[in-house]
Amino acid sequence: MKTKKQILKNRDIKSNLSAIINLILLLIFIVAIPVYIWVFHRDFIRDIDSIEEVVALLDANKTAAVLIYLGLQIMQIIVSVLPGQVFQVAAGYYFGFFMGLVYSLIGAAIGTTITYFVAKWLGSNAIEVLFGKEKIDKIVKMLNSSRAYNVVSLLYLIPGIPKDLVGYAAGISSINFRILLVLSLIGRTFGMSGSLLFGYLYSQKEYTLMYIVAAIAVIIFLICVIYRKKISKWMESFYNKIG
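Residues numbered from 1 in each chain as written. Predicted model: local features only at pLDDT ≥ 70, side-chain atom pairs only at ≥ 80, totals over all residues. Heavy atoms only, no water.

## What to know about helix α3 (residues 51-60)
Part 1: When we look at burial in α3, the residues that qualify are Ile51, Val54, Val55, Leu57 and Leu58. All buried residues of α3 project into a common sector of 155° when viewed along the axis, lining one side. (Buried < 20%, exposed > 50% of the residue type's maximum accessible area, 1.4 Å probe, protein only. Helix = DSSP H or I, 4+ residues; strand = E, 2+ residues; numbered from the N terminus. Arc of directions from axis to C-beta.)

Structure follows, in structure tokens:
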């Protein structure tokens, strides 16, 4: 008859084995995709490192342009192997502001959904091993706190803050998926709108307005960074009021 110590030891072995298997699956998911693109489609990556080249890619594949753009948006959120900074500007140029925003939000929603449920499926052990336990635990702790909604809003609202790990960390936290998705899309909308508007004005050769939009974006970014603590307190107060 097995002792309690042996039973616990067997459980630990099974848990570690499960974590290793999940980690391998995650590595395949995150690493294999960019490696495949880099090895077999290196020209593709090289040819989309500017607005003009992304627009040319979309224009050369008009019937599949929407699907290509959605794929680029989703891939950038999941593995960050592609130069995402130019995609939204190119979308504003090619699709126009409104439709570019619609496609961008759809892509962001799909990408966030994938990262959330992949993390939930693989479990915390695999996520912590891959991204670092200390880093993941810090984000998960914030997402499990009473300030979770506030934290998510700020992370997605303020440009320049790394967002790659949020979706994965959220998947192993207690935060509600639908709330995460809504807050992330609201937060992303502001930055996306600026990039899309910049691209649209570029297509219309409205260079003066482009500079104005760029200046406003920089000012908003500086305000968010400088007054982030006050903004955080205001958001926390707002979320407390609405329950």
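## Regarding the packing of aromatic side chains
Part 1: Per the stated rule, a full pass over the model turns up seven aromatic pairs.
Part 2: For the ring pair Tyr69 and Phe95, a centre distance of 5.8 Å and an interplane angle of 55° mean the geometry is tilted. Here the residue Tyr69 occupies a position in helix α4 (residues 65-78), and Phe95 occupies one in helix α5 (residues 87-95), the gap between them amounting to 26 residues. Summarising the burial analysis for this pair, Tyr69 and Phe95 share the class buried.
Part 3: For the ring pair Tyr94 and Phe95, a centre distance of 5.0 Å and an interplane angle of 90° mean the geometry is edge-to-face. (Phe/Tyr/Trp six-rings, centres within 6.5 Å; stacked < 30°, edge-to-face > 60°.)

## Side note on helix α6 (residues 97-122)
Part 1: A rise of 1.5 Å per residue sets the reference length of α6, with its 26 residues, at 38 Å; its end C-alpha atoms lie 37 Å apart and thus fit the reference within 8%.
Part 2: Downstream of α6 by a residue or two, Gly123 has a phi angle that is positive, lying close to 95°. (Expected span 1.5 Å × (residues − 1).)

## Some words on a nonpolar patch on the surface
Part 1: The grouping of Val218, Ile219, Phe221, Leu222, Ile223, Ile226 and Tyr227 at the surface amounts to a nonpolar patch, some 650 Å² of accessible area in total.
Part 2: Note that Val218 resides in helix α12 (residues 207-226). (Patch = residues over 30% accessible without salt bridge, like charges linked within 9 Å, V, L, I, M, F, W, Y side chains within 5 Å. Areas by Shrake-Rupley, 256 points an atom, 1.4 Å probe, with all protein chains shown as cover. Salt bridge = Lys/Arg side-chain N within 4 Å of Asp/Glu carboxyl O.)

## Quick notes on the nonpolar core
Part 1: Grouped together as the largest cluster of nonpolar side chains are 30 residues, with contacts concentrated most on Leu143, Val152 and Ile175.
Part 2: Elements that contribute at least two residues to this core include exactly α4, α6, α7 (124-131), α8 (133-143), α9 (148-157), α10 (164-171) and α11 (177-203).
Part 3: Once residues lying within four places of it in the same chain are set aside, the contact partners of Val152 are Leu143, Ile175, Leu180, Leu183 and Ser184.
Part 4: Residues Ile77, Val86, Phe87 and Tyr103 belong to the second largest nonpolar core, which totals 20 residues. (Core = buried A, V, L, I, M, F, W, Y, C linked by side-chain atoms within 4.5 Å. Contact = heavy atoms within 4.5 Å.)

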